[in-house]
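Remarks on the overall topology
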Amino acid sequence: MAEQKDDVPFYQKPEWADVVPIPQDDGPNPLVPIAYTQEYSTTMGYFRAMCRAQEKSERALDLTKIVIELIPSHFTVWYYRQQLLKELNKDLKTELEWIEWMVEEHPKSYQIWHHRQVIVGRIAQSLFPSTTTTSSSTPSTAQSAEAAFVFDDLSESQKTTVQDLVKSELEFIAEALKDDTKNYHAWSYRQWVLAHFGQGPWWTGELAYTEELLEKDMRNNSAWNQRYFVVTNGFGGLTEEDVQREVQFAKSRIEKTPSNESPWVYLTGILRKGNHSVTEIKEFCEGLLSVPRANFSPFVHATLLDIYEVEAKEQRSAASVEKAKEEAIMLAEKVDSIRSKYWNWRKTQLLKIDVAA
Amino acid sequence: MATTQETQPTTQPSGPTFQREKHIQYFKRNLQMLPEPYTSQDTFRMTLGLFAIGGLELLGVLEEAISEANRKAWIEWIYSQQRIPSKDSPSEDDDALYGFGGPFSGLAFQEPTDGQQNLGCECNSHTSPYDTAHLTMTYTALLSLIMLGDDLSRVAKEPILKSLRKLQQPNGCFIPCITDYEPDMRFVYCAAAVSYILNDWSGVDRPALLNFIRESQTYEHGFAQSPRHEAHGGTTYCAIASLGLMGGDAFLDQRTMVRQEGETDSEFEERRARAGFVDLEGTRRWCLQRQTTGFQGRIDKPTDTCYSFWIGGAITAIGSFDLVNFECNRGFLMETQHKAFGGFGKWVNTYPDILHSYMGIASLALMGEPGIRPLEPLLNISKRMQERLYNETVFWKK
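Residues numbered from 1 in each chain as written. Chains lettered and ligands numbered in written order. Predicted model: local features only at pLDDT ≥ 70, side-chain atom pairs only at ≥ 80, totals over all residues. Heavy atoms only, no water.

Looking at an unreviewed UniProt entry, chain B carries the name Geranylgeranyl transferase type-1 subunit beta, with the source organism given as Mortierella hygrophila.

An unreviewed UniProt entry annotates chain A as Protein farnesyltransferase/geranylgeranyltransferase type-1 subunit alpha of Mortierella hygrophila. UniProt annotates chain A under Cofactor (unreviewed entry) with the comment "Mg(2+)". (UniProt positions renumbered as here; feature names shortened; annotations may be inferred.)

1. Digging into the overall build of chain B
Looking only at helices and strands, chain B has 15 helices and five strands in total. Its C-alpha atoms give chain B a radius of gyration of 21 Å, near enough to 21 Å, the size a compact globule of 398 residues would have. A principal-axis box enclosing the C-alpha atoms of chain B has dimensions of 60 × 55 × 40 Å. Considering only intrachain contacts with a sequence separation of at least 6, the fraction spanning at least 24 residues in chain B is 71%. Accessible area of chain B: about 14500 Å², with a carbon and sulfur share of 51%. Charge separation in chain B, taken as the distance between the mean sites of 37 positive and 49 negative side-chain charges, equals 4 Å. (Helix = DSSP H or I, 4+ residues; strand = E, 2+ residues; numbered from the N terminus. Rg over C-alpha atoms; globule rule 2.2 N^0.38 Å. Contact = heavy atoms within 4.5 Å. Areas by Shrake-Rupley, 256 points an atom, 1.4 Å probe, with all protein chains shown as cover. Lys, Arg positive; Asp, Glu negative; His and termini not counted. Charge placed at Lys NZ, Arg CZ, Asp CG, Glu CD.)

2. Regarding a negative patch on the surface
Together, Asp91(A), Glu97(A), Glu100(A), Glu104(A), Glu105(A) and Asp179(A) make up a region of like negative charge exposed at the surface. Secondary-structure assignment places Glu105(A) in helix α4 (residues 92–105). (Patch = residues over 30% accessible without salt bridge, like charges linked within 9 Å, V, L, I, M, F, W, Y side chains within 5 Å. Salt bridge = Lys/Arg side-chain N within 4 Å of Asp/Glu carboxyl O.)

3. Quick word on the pairing of strand β1 (residues 82–85) of chain B
Every other side chain in a regular strand lies on the same face of the sheet, so the side chains alternate between the two faces. All names here are of chain B. Alignment of β1 against strand β2 (residues 99–100), held across two bridges, turns out to be antiparallel. Residue pairing for β2: Arg83 is matched across the bridge by Gly99. Bridge count between β1 and strand β3 (residues 121–123): three bridges; the pairing is parallel. Looking at the pairing, Arg83 lines up with Cys121 of β3. (Pairing = 2+ DSSP bridges.)

4. Section: the interface of chain B and chain A
Each partner contributes residues to the interface: chain B has 82 residues there, and chain A has 66 residues. Taken together, both faces of the contact between chain B and chain A bury some 6900 Å²; the carbon and sulfur share is 56%. Considering only the surface of chain B that becomes buried against chain A, Tyr130(B), Tyr181(B) and Tyr219(B) emerge as the three largest contributors, covering 14% of it. Our enumeration of links across chain B and chain A arrives at six salt bridges. The partner of Glu281(B) in a salt bridge is Arg346(A), and the shortest N-O contact between them spans 3.4 Å. Counting the contacts that link chain B with chain A gives 44 residue pairs in polar contact (both at pLDDT 80 or more). (Buried area = accessible area lost by both parts, 1.4 Å probe. Polar contact = N/O pair within 3.5 Å; in protein donor to acceptor, adjacent residues only side chain to side chain.)

5. Section: the nonpolar core
One finds Phe197(A) and Val155(B) to be the most contacted residues of the largest nonpolar core, which totals 232 residues. Of the residues forming this core, the biggest block, 12 residues, is contributed by helix α7 (residues 185–198) of chain B. The residues contacting Phe197(A), other than those within four sequence positions of it, are Val120(A), Ala124(A), Ala147(A), Phe149(A), Phe151(A), Val162(A), Leu165(A), Val166(A) and Trp202(A). (Core = buried A, V, L, I, M, F, W, Y, C linked by side-chain atoms within 4.5 Å. Buried < 20%, exposed > 50% of the residue type's maximum accessible area, 1.4 Å probe, protein only.)

6. Observations concerning the packing of aromatic side chains
By the definition in use, this model includes 39 aromatic pairs over all chains. An angle of 90 degrees between the planes, with centres 5.9 Å apart, marks the rings of Trp16(A) and Tyr46(A) as edge-to-face. Placement of the pair is Trp16(A) in the segment before α1 (38–53) and Tyr46(A) in helix α1, with a sequence separation of 30 residues. The exposure class assigned to Trp16(A) is buried, which follows from its relative accessible area of 4%. Aromatic pair Tyr228(A) and Tyr219(B): ring centres 4.1 Å apart, planes at 25 degrees, arrangement stacked. Within this pair, whereas Tyr228(A) is found in helix α9 (residues 221–233), its partner Tyr219(B) is found in the loop between α8 (206–216) and α9 (233–245), the two belonging to separate chains. Looking at Tyr219(B), the relative accessible area reads 7%, which means it is buried. (Phe/Tyr/Trp six-rings, centres within 6.5 Å; stacked < 30°, edge-to-face > 60°.)

7. Topic: the side chain of Ser357(B)
Positionally, Ser357(B) belongs in helix α14 (residues 354–366). When neighbours within four sequence positions are excluded, Ser357(B) is seen to be in contact with Tyr26(B), Phe27(B), Gly343(B), Phe344(B) and Pro352(B).

8. Regarding unusual backbone geometry
Even without a glycine there, the phi angle at Asn275(A) is positive, about 55 degrees. Looking at the secondary structure, you find Asn275(A) in the loop between α11 (261–273) and α12 (282–288). The exposure class of Asn275(A) is exposed, given its relative accessible area of 75%. Here the phi dihedral of His221(B) falls at roughly 90 degrees; this positive angle occurs in a residue that is not glycine. Mapped onto the secondary structure, His221(B) falls in the loop between α8 and α9.

9. With respect to the pattern of salt bridges
Following the criterion strictly, the structure yields 46 salt bridges over all chains and no others. Notably, a salt bridge pairs Asp26(A) with Arg45(B), separated by 2.9 Å at the nearest N-O pair. With Asp26(A) in the segment before α1 and Arg45(B) in helix α2 (residues 45–58), this pair bridges two chains. The two residues Asp26(A) and Arg45(B) agree in class, both being buried. Of the charged contacts, one joins Arg346(A) and Asp306(A) as a salt bridge, the two residues approaching to 2.9 Å between their closest N and O atoms. With Arg346(A) in helix α15 (residues 340–350) and Asp306(A) in helix α13 (residues 298–315), this pair connects stretches of sequence that are 40 residues apart. When its relative accessible area of 3% is taken as the criterion, Arg346(A) is described as buried.

If you want it as structure tokens, here you go:
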């Protein structure tokens with residue numbers, strides 16, 4: 001939504017004539033003064049006057065918008081705006097449209113994304129006031145990862161309403177992620193939306209969504225993290241079936257790009273979470289050694305080093321220590337020499353393993 | 001662990017020159033007046049001030065670059081940003097948030113008069129919530145006060161501790177202030193650093209805080225801003241440094257821990273409960289994997305000057321900084337320093353800014369670059385100033 005450009009600054013308009021701006025009082029010799037523009041200083045003078053009076057009015061609401069556009073990271077103006085929206089009983093859907101515009105302008109502002117969360121939390125709460133359990137309207141209450149509703153307990157029409165809201169939020173976030181697929185704020189908010197509305201059908205689509213993003217960029221670690229989030233949180237915890245499916249998924253991606261760290265970390269992470277040993281992927285890793293491109297992947301050798309080290313400890317096997325040592329040397333000298341100090345240190349750690357005589 | 005933290009090369013590193021003089025001029029210029037683009041960070045001015053003062057301290061020229069008159073004046077300026085309870089209404093249940101903030105909210109500058117010390121601005125339930133203190137500003141104000149030579153005797157410790165209790169969330173995390181609800185690891189660190197500087201942890205529910213940190217270690221082994229998010233260099237520093245400030249028990253192995261002298265059974269058990277939950281090998285590996293030349297903050301993100309400190313500081317805190325490839329890290333930083341203006345940019349060929357300038361120098365300090373004072377990574381302050389905290393401030397000196 002484009003803002004209306006108006007040649008006359010707000011403070012020259014008659015409706016502001018009665019306000020006495022409060023200047024910033026920085027004292028005679030301030031630390032790191034900032035070369036404020038006149039526009040900023042004047043605007044903030046009026047903003048201070050509004051805050052001091054805690055005025056609840058349309059003009060105060062308009063002013064918060066002007067201040068936010070000058071300084072989105074301001075840590076009290078959003079709160080003031082949230083109070084005003086409530087007091088003046090404003091239409092929250094209109095607020096969402098403005099936020100959409102602001103997110104495009106300032107995609108990395110913590111405050112904007114959090115404001116979205118507050119507003120959507122209020123909308124959610126207003127849908128069925130009696131069934132909601134959490135409130136996002138007062139900042140002092142805990143933000144809960146718990147759901148606002150038990151989705152299954154809602155009536156069919158209520159379910160539709162919630163699904164529409166979730167769908168539009170997920171689409172809004174997906175739009176922001178098109179511009180920056182690794183936007184931390186967007187992903188954090190996405191996790192909140194998914195969880196806040198409980199165990200609804202939107203969780204099913206999320207796995208496909210991460211797959212779609214990974215098709216476009218297999219190195220998008222944020223999408224891998226989201227996949228882990230969905231698999232471990234979305235369907236009541238990680239089942240053995242999930243583990244097997246995800247292990248296959250990660251392996252197939254590794255085969256395509258063996259030097260991509262993300263699926264490696266994901267693969268070993270899923271194994272650990274599912275109480276599987278890393279040694280279960282030994283054959284897979286050894287198999288990659290005969291693939292020309294994979295042979296140079298530091299992650300193949302690093303994972304083999306881990307596997308042989310575990311074997312050496314578990315079986316007190318001198319042969320496994322030897323194999324681990326070879327991998328450490330390969331890493332330090334050939335495929336990952338930037339970390340040679342680390343791999344050499346790992347090599348010295350191998351000497352401490354107690355092996356059978 | 002085969003590693004030592006105090007490794008300091010004694011010879012001048014080869015390769016491009018560290019533009020020390022230019023950086024001194026850069027920080028001096030910024031200290032006088034920050035250019036207009038910093039307006040968008042106006043509410044964080046206290047933190048920008050820390051970077052300018054801290055940069056000059058690390059470069060070894062704090063006292064010569066900042067006159068005694070300025071040091072005294074800026075101590076007064078910082079205290080004038082302190083929010084303290086008003087004398088007439090010291091009610092137990094007041095809503096105001098104490099600590100340090102900024103002048104942007106419009107509170108009147110407090111001048112010391114007639115032998116009366118400047119203690120800050122009085123606030124209470126009836127003053128505006130928009131005059132709030134902010135946890136990050138409290139942390140950075142305290143560090144700046146120490147560097148400017150103050151003994152912290154005017155710091156309103158009890159009100160700050162009381163405010164900390166209000167800011168901690170049921171899941172153990174902290175928010176920075178009541179008007180800005182951002183629960184994440186950055187404010188966990190600020191709460192830990194403030195508690196450490198005040199030498200009093202009664203404002204923090206430590207088991208809850210530890211639990212939050214534990215929950216935030218991801219399958220990647222780095223730490224996220226909060227549970228289930230992606231591992232990130234800045235928050236990994238915040239998590240690891242918080243654990244270090246709490247005594248580093250989390251890094252110990254529960255199986256091999258021994259009771260300390262004078263420690264009771266229950267104290268020992270409590271300490272054991274805090275131990276061993278961080279996967280140290282995993283954290284070490286994740287941190288070291290972030291080195292490309294300098295460091296990236298997440299897997300497959302661009303290499304960025306500030307992560308040379310955030311990740312470098314985290315690795316130092318777990319005692320493995322000597323496993324970093326110094327030559328590559330230094331080489332990257334020599335590329336991001338601005339040859340003409342001084343200071344460091346985020347990336348190669350970007351304009352310098354004060355945060356990245358401070359972080360670039362802090363990372364070089366960890367590597368023992370000649371002409372930079374040694375750095376204490378947990379508080380992110382020079383070792384000289386850490387000594388000053390211990391020996392010359394009211395909360396620590398015997």
